[in-house]
Amino acid sequence: NEPYVLRKTSDITSENIYWYNWFPDQAGTYKLKAEGSKSGVGVANVITNAVVNGNKYLRPSQAPSPIPDPFSMTFTSLSPGGNYEVDNMIDMSVELSGDLSDADEIQYLTRKDDREWDVQKIQSLTGSSAYEYSWIPPESGTYVLRIT
């Protein structure tokens, strides 16, 4: 459960495919993550498992023992571009899937305009796959809502 290590950053152009070669220094099971962002806001995550046995890469299906799907989380009711009224609660509930042992907490974050991220709640994970949280915007504006 070590943190991810940034290996490469690429600026997006009109190309549809980007690549990066990484060679681990020891055999083992690795989780590989590609993250996309626009204007500093995360818009996509792709996580996959990889098994390295000696100098040979194995697909997860070829691994000697089953590898659980990577940890993933999604909002259960939010959709991009949603409009909400001030003083109304916004449901930021999440559903978790994959290898839940990869995380011990999640954070609910908000950001108004280009300000810093505000941590609204830190939720310790208890093994459940669903967690509920609602947030009320303190004032009118454009907000970005995020879970990490």
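The structure we're discussing is the one just above.
Residues numbered from 1 in each chain as written. Predicted model: local features only at pLDDT ≥ 70, side-chain atom pairs only at ≥ 80, totals over all residues. Heavy atoms only, no water.

Participant: What's the story with the sheet that holds strand β7 (residues 105–112) in this structure? I'm lost.
Facilitator: Sheet strands line up and pair through hydrogen bonds in the backbone, either parallel or antiparallel. The strand order β8-β7-β11 describes an open sheet built from three strands, whose pairing is antiparallel. Each end of this open sheet is capped by a strand with a single partner; those strands are β8 (118–124) and β11 (143–147). On average, each strand axis in the sheet is tilted by 10° relative to the strand beside it, whichever way the strands run. Examined bridge by bridge, β7 and β8 share six bridges and lie antiparallel to one another. The partner of Ile106 across the bridge, within β8, is Gln123. (Pairing = 2+ DSSP bridges. Helix = DSSP H or I, 4+ residues; strand = E, 2+ residues; numbered from the N terminus. Axes fitted to C-alpha atoms, helices over the stretch in contact; angles between N-to-C directions.)

Participant: Could you clarify how one ought to interpret unusual backbone geometry in this entry?
Facilitator: Most peptide bonds take the trans configuration, and most residues that are not glycine carry a negative phi. Unusually for a residue other than glycine, Asp113 sits at a positive phi of about 50°. Tracing the chain through its elements places Asp113 in the loop between β7 and β8. The exposure class assigned to Asp113 is partly exposed, which follows from its relative accessible area of 39%. (Buried < 20%, exposed > 50% of the residue type's maximum accessible area, 1.4 Å probe, protein only.)

Participant: What should I look at first to understand the nonpolar core in this one?
Facilitator: Considering soluble globular proteins, one finds that nonpolar side chains tend to be buried as a cluster. Among the nonpolar cores identified, the biggest contains 15 residues, and Met92, Val94, Ile106, Tyr108 and Tyr131 are the most heavily contacted of them. Looking at this core, the elements with two or more residues in it are β6 (94–97), β7 and β11. (Core = buried A, V, L, I, M, F, W, Y, C linked by side-chain atoms within 4.5 Å.)

Participant: Can you walk me through the packing of aromatic side chains in this structure?
Facilitator: To describe a pair of aromatic rings, one takes the distance between the centres and the angle between the planes. Counted under the stated rule, the structure contains two aromatic pairs. Summarising the aromatic geometry, the rings of Tyr108 and Tyr133 are spaced 4.7 Å apart at their centres and angled 40° between planes, so their arrangement reads as tilted. Pair noted here: Tyr108 is in strand β7 and Tyr133 is in the loop between β9 (130–131) and β10 (134–135), with a separation of 25 residues, a long-range link. Considered together, Tyr108 and Tyr133 belong to a single accessibility category, that of buried residues. Measuring from ring centre to ring centre gives 5.2 Å for Trp135 and Tyr143, while their planes differ by 75°; the resulting arrangement is edge-to-face. The pair formed by Trp135 and Tyr143 is uniform in burial state, with each residue classed as buried. Stacked on the ring of Trp117, the Lys or Arg Arg146 has its end atom at 5.1 Å from the ring centre. (Phe/Tyr/Trp six-rings, centres within 6.5 Å; stacked < 30°, edge-to-face > 60°. Lys NZ or Arg CZ within 6 Å of the ring centre and 35° of its normal.)

Participant: What should I look at first to understand the sheet that holds strand β4 (residues 72–75) in this one?
Facilitator: In space, the three strands of this open sheet follow the order β4-β6-β9, with antiparallel pairing throughout. A single partner strand is all that each edge strand has here, and the edge strands are β4 and β9. Taken together, the four bridges between β4 and β6 define a ladder with antiparallel strand orientation. Pairing of Thr74 across the sheet is with Glu95, part of β6.

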